[in-house]
Amino acid sequence: MSKDSSSKPAKSNTAAPVESAKKSDGAPVSWGPASAIIVSIVSFIVGFVVAGGTAYLVAGLMGSSQQQANDWLNSVYGQFLFVLLAEGLVVGTVVFFLHRRKTSLRAVGFHRSPIASDVGFALIGFVVYFIALIAATAFAQHLFKVNIDQKQELGFDNVATAGQKLVTFISLVVLPPLAEETLFRGFLYTGLRKKLPYIWTALFVSLAFASLHLMEGSQGLLWIAGIDTFILSMVLCYLREKTGNLWAGILVHALKNGLAFTFLYIIGVNV
């Protein structure tokens with residue numbers, strides 16, 4: 001007598017859907033590597049070109065002479081306007097693209113509110129980043145003679161009043177972690193990860209992130225910033241993969257920038 005095959009339990013195929021839901025919470029990932037790269041480049045160009053043009057326009061309205069306009073543009077509040085517009089346009093471009101593709105920010109890692117475990121992951125991630133940075137800096141200095149004393153041009157000089165410190169804090173500690181994590185470890189990472197293994201996705205995202213920070217020095221390429229941001233991004237990519245969301249990475253990014261802000265603008269130590 002033959003056995004009734006229908007009595008056998010069906011093999012479960014829930015592993016992949018569960019993992020997919022963990023990363024996008026049901027929001028469709030309707031873009032791949034090509035779209036991720038193109039839209040990321042466009043969003044950056046749109047953000048910084050439009051923000052720069054708008055800031056120059058406002059600076060012209062603020063001063064009757066070219067010198068007055070330049071002084072305002074280079075002031076703390078002028079720089080704040082530029083950062084606010086640039087980061088806002090970067091995120092806005094990503095949101096517009098997601099809307100056109102019938103999906104939302106849930107697909108890039110904003111599918112829930114922050115929870116306690118995000119803080120724990122962030123603290124561990126920050127410690128790992130800091131230890132790795134110390135080791136990589138020493139290695140680069142002794143083997144490749146990298147100048148670790150190069151200073152990153154943050155654009156916020158002569159920060160004195162409480163109001164100036166507040167807008168500087170928002171510009172350096174609040175806006176970049178939100179916008180950059182949305183673009184790099186959110187949109188770009190998700191699009192690449194759809195087709196590529198984790199390690200190649202993390203390396204590509206981290207190299208792209210680090211390359212932008214190489215150009216933030218006044219005396220040529222800022223190699224120490226490139227090393228710093230590459231290591232930071234690798235940690236942030238791991239947190240994105242591990243937790244399925246962006247909150248732990250945003251907290252690490254904000255903690256790193258907040259530490260620099262404290263030394264530079266509160267304690268007064270030039271790190």
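In this report, we go over the structure that sits alongside the text. Quantities reported herein were computed from a predicted structural model and do not represent experimental measurements. (Residues numbered from 1 in each chain as written. Predicted model: local features only at pLDDT ≥ 70, side-chain atom pairs only at ≥ 80, totals over all residues. Heavy atoms only, no water.)

Moving on, we come to the packing of aromatic side chains. Counting across every chain of the model gives 13 aromatic pairs. When the ring of phenylalanine 44 is compared with that of phenylalanine 184, the centres are 6.1 Å apart and the planes differ by 65 degrees; the resulting orientation is edge-to-face. Linking phenylalanine 44 in helix H2 (residues 33-62) with phenylalanine 184 in helix H6 (residues 162-193), this pair joins segments that are 140 residues apart in sequence. Where phenylalanine 261 meets tyrosine 265, the ring centres are 5.4 Å apart and the plane angle is 40 degrees; that geometry is what we call tilted. (Phe/Tyr/Trp six-rings, centres within 6.5 Å; stacked < 30°, edge-to-face > 60°. Helix = DSSP H or I, 4+ residues; strand = E, 2+ residues; numbered from the N terminus.)

Under the definition given, this model contains 4 salt bridges. Residue glutamate 241 is joined to arginine 193 by a salt bridge in which the shortest nitrogen-to-oxygen separation is 2.9 Å. Of this pair, glutamate 241 sits in helix H8 (residues 223-243) while arginine 193 sits in helix H6, and the two are 48 residues apart along the sequence. What makes arginine 193 partly exposed here is its relative accessible area of 26%. One salt bridge in this structure joins lysine 256 and aspartate 228, with 3.2 Å as the shortest N-O distance. Taken as a pair, lysine 256 in helix H9 (residues 247-267) and aspartate 228 in helix H8 lie far apart in primary sequence, 28 residues in all. For the pair lysine 256 and aspartate 228, one class covers both residues: buried. (Salt bridge = Lys/Arg side-chain N within 4 Å of Asp/Glu carboxyl O. Buried < 20%, exposed > 50% of the residue type's maximum accessible area, 1.4 Å probe, protein only.)

You can see threonine 190 is positioned in helix H6. Reaching out from threonine 190, the side chain makes a polar contact with the backbone oxygen of glycine 186 at a distance of 2.6 Å. Apart from the residues within four sequence positions on either side, threonine 190 is in contact with Val29, Trp31, Ala107, Val108 and Arg240. (Polar contact = N/O pair within 3.5 Å; in protein donor to acceptor, adjacent residues only side chain to side chain. Contact = heavy atoms within 4.5 Å.)

Our focus in this paragraph is the environment of asparagine 158. Considering the arrangement of structural elements, one finds asparagine 158 in the loop between helix H5 (116-144) and H6. Exposure remark for asparagine 158: the relative accessible area of 72% places this residue in the exposed category. In sequence terms asparagine 158 and tyrosine 265 are 107 residues apart; their C-alpha atoms lie 9.3 Å from each other. Ignoring anything within four residues of it in the chain, the contact list for asparagine 158 reads Val76 and Gln164.

On the secondary structure map, histidine 111 appears in the loop between helix H4 (76-100) and H5. A residue is classified by how much of its surface remains accessible, and histidine 111, at 15% relative accessible area, is buried. In terms of polar contacts, histidine 111 uses its side chain to reach the backbone carbonyl oxygen of glycine 244, at 2.9 Å.

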